[in-house]
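Working through the structure, step by step
Now for the letters of each chain:
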Amino acid sequence: MSPCFMAPVYLPRIGTIYQVWATVYDNDADHDIWLNLYRVDNYSGAVISMAELISSGASTSLSSINDYTISQGAINYPQYSYYLGTCLASSLLRLYNVRVWYSDYETHLPLITK
């Protein structure tokens, strides 16, 4: 049985996700590590996979995996919530960190004083 993990992703109310990166250790030739970024509709419960990262091969060093092809990357809170999910099929697979890159739409106006 493979241990599986899920973690919430906290994002701004409005913005766009444009890439996801993860640092992994994959020293198992028979299994790859995978990680998905999911979006759940808070009103209907519908879930989509926005990004999928997959390692390949075996290596004795850390490696970075990424996905630039984000499906429906527009952030819209409170309509949607976001989370990461993975299962580790071997003790030779390790997940070290995940980075979700996004842009927000905040406008910073200059301060005017008299």
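I will try to describe carefully the structure that is included in this document. Being a predicted model, the structure only gives us computed values, none of them experimental.

1. Concerning the pairing of strand 4 (residues 47-54)
The pairing of strand 3 (residues 34-41) with strand 4 spans seven bridges and is classified as antiparallel. What sits directly across from Arg 39, in strand 4, is Ile 48. Taking the residues that link successive antiparallel strands as the turn, the strand 3-strand 4 hairpin has five residues, and the phi of Gly 45 there is positive, at about 85 degrees.

2. Regarding the packing of aromatic side chains
Applying the stated criterion across every chain, the model contains two aromatic pairs. Consider the rings of Trp 21 and Tyr 68, whose centres lie 6.0 Å apart with planes at 90 degrees: the pair is edge-to-face. Of the two residues, Trp 21 is situated in strand 2 (residues 14-26) and Tyr 68 in the loop between strand 5 (62-67) and strand 6 (74-76); the sequence distance between them amounts to 47 residues. Here the guanidinium or amino end of Arg 39 rests over the ring plane of Tyr 80, the centre of that ring lying 3.8 Å away.

3. Focus: the sheet that holds strand 4
Strands sit in the order 1-7-3-4 across an open sheet of four strands; the sheet is antiparallel. If you trace the sheet from one side to the other, it starts and ends with strand 1 (4-9) and strand 4, each paired once. This sheet shows a mean twist of 20 degrees between the axes of neighbouring strands, independent of strand direction. Alignment of strand 1 against strand 7 (residues 80-87), held across six bridges, turns out to be antiparallel. When the bridges of strand 7 are listed, Val 9 appears paired with Tyr 82.

4. Considerations on the pairing of strand 2
With three bridges joining them, strand 2 and strand 6 adopt antiparallel strand pairing. Each bridged residue has a counterpart across the sheet, and for Gly 15 the counterpart in strand 6 is Ile 75. Bridge count between strand 2 and strand 8 (residues 93-104): eleven bridges; the pairing is antiparallel. Note that in strand 8 the partner of Thr 16 across the bridge is Ser 103. Bridge count for strand 2 against strand 5 is six bridges, and the pairing is antiparallel. Residue Tyr 25 lies in a different strand from strand 5, and its bridge partner there is Leu 62.

Rules of the game
- Residue positions within a chain follow its written sequence, with the count starting from 1.
- At least 70 in pLDDT is required for a residue's local features to be given in this predicted model, at least 80 for side-chain atom pairs to be given and counted, and no such filter applies to totals for whole chains, interfaces and linings, which use all residues.
- The side-chain quantities take in all heavy atoms of the structure and omit both hydrogens and water.
- DSSP bridges decide pairing: two strands pair if at least two such bridges lie between them.
- Under the scheme used here, helices are H or I runs from DSSP no shorter than 4 residues and strands are E runs no shorter than 2 residues, and both carry numbers assigned from the N terminus.
- Each Phe, Tyr or Trp ring, with Trp reduced to its six-membered ring, pairs with another whose centre is within 6.5 Å; inter-plane angles below 30 degrees give stacked pairs, above 60 give edge-to-face pairs, and intermediate values give tilted ones.
- Remark: a charge is flagged as sitting over a ring if the NZ atom of Lys or the CZ atom of Arg is within 6 Å of the ring centre and within 35 degrees of the ring normal.
- Whenever a helix is involved, its axis is fitted only over the stretch in contact; in every case the axis is a line through C-alpha atoms, and angles between N-to-C directions fall within 0 to 180 degrees.

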